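Observations on chain architecture
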Amino acid sequence: MKTSSSRSPLQRASGESRVVFERRDGQTRLADLYQRDPCRVLFPVPEPGEPPQAVMITTSGGVTDGDSLAMAVEIGPDAEAVATTQAAEKIYRAAKGGGHCGIDVRLAVAAGATLEWLPQETIVFERARLKRRTVAEVAEGGVLLACEMVVLGRGASGERFTSGLLLDSWSVRRAGRLVWTDTLRVEGETPDGAGFGAANALATVIGVWEEPQQRFEEARALLDAADEVRAGVTLVNGILVARLLGEATAVRAATIRFLTAFRGRRLPRVWHV
């Protein structure tokens, strides 16, 4: 009989995907694709008049301690594309004495290009441990609209996030210069000092444009009308940063309404199935 010390370690996932779009013959086209289990990418037919879409999938159905995922989306000069995820990403509780799972996201937007990075929410289960880092490189003349939403605990099941770790960091570089960085750390119960209160969900919207003031005014007007969540928007070094904070269902609904109005078109179909 095997002793506990002789048991084989649990198999952990190490997945990666990289998608590159370029503009050729007057249209944005897929230029390069790399994917390694459990990361996969689908390319649904976009609505008429809309840019190409890349839909990221984790075939394992969720992420747990020891797993490592890396995703990259690159948009060449003057190209335009939308990247999203097929469903909410589930971060399962870590084993007793286990470590953390890691997700690294890299976004690169060339001059004259536009990328919308619009993944669905990440649900961090009780006792889960997640470290996620997102780095965006935006060239002069490039445009980025990105949204990340995190849910702490499975509120619909009555679960609260009282132990575990979320370390979520963002960095934006503009023309090679760091212009905005932010890190959220939640270890155990959400900190009252961070303004969470009873909220269990936070959505962050980031926008990069050459002339951001008009988009800032549009965002502020839309968020002023949000009545089921706490919301606000600011400009930091020319980077638009908006936050929506509240109960998970309300935050998702408010985020969908905001992004739909702000973009002037519906979110990708996977958000509505």
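Owing to the predicted nature of the structure, the values given are computational and were not obtained by experimental measurement.

Looking at the side chain of Asn200
- Here Asn200 lies in the loop between strand S14 (177–187) and strand S15 (201–208).
- For Asn200, a relative accessible area of 15% corresponds to the buried category.
- In this structure the side chain of Asn200 is engaged in a polar contact, spanning 2.9 Å, whose partner is the backbone nitrogen of Ala248.
- Contacts of Asn200, omitting those with residues within four sequence positions, involve Val150, Val151, Leu152, Gly155, Gly246, Glu247 and Ala248.

Points about the sheet that holds strand S2 (residues 27–36)
- Spatial ordering of the open sheet is given by S2-S1-S5-S8-S11-S13-S14, a layout of 7 strands whose pairing is mixed. In the strand order of this sheet, the two ends are held by S2 and S14, each with one partner. Each neighbouring strand pair of the sheet contributes to a mean axis angle of 10 degrees, computed without reference to strand direction.
- Both strand S5 (residues 68–75) and strand S8 (residues 101–109) contribute to a ladder of 8 bridges, which runs parallel. What sits directly across from Met71, in S8, is Val105.

A look at unusual backbone geometry
- Pro38 follows Asp37 through a cis peptide bond whose omega is 5 degrees.
- The topology assignment puts Pro38 in the loop between S2 and strand S3 (39–42).
- Phi is positive for Asp78, which is not a glycine, with a value near 65 degrees.
- The residue Asp78 is located in the loop between S5 and strand S6 (80–85) in this model.
- Judged by its relative accessible area of 48%, Asp78 falls in the partly exposed class.

Procedures and definitions
Residues numbered from 1 in each chain as written. Predicted model: local features only at pLDDT ≥ 70, side-chain atom pairs only at ≥ 80, totals over all residues. Heavy atoms only, no water. Helix = DSSP H or I, 4+ residues; strand = E, 2+ residues; numbered from the N terminus. Buried < 20%, exposed > 50% of the residue type's maximum accessible area, 1.4 Å probe, protein only. Polar contact = N/O pair within 3.5 Å; in protein donor to acceptor, adjacent residues only side chain to side chain. Contact = heavy atoms within 4.5 Å. Pairing = 2+ DSSP bridges. Axes fitted to C-alpha atoms, helices over the stretch in contact; angles between N-to-C directions.

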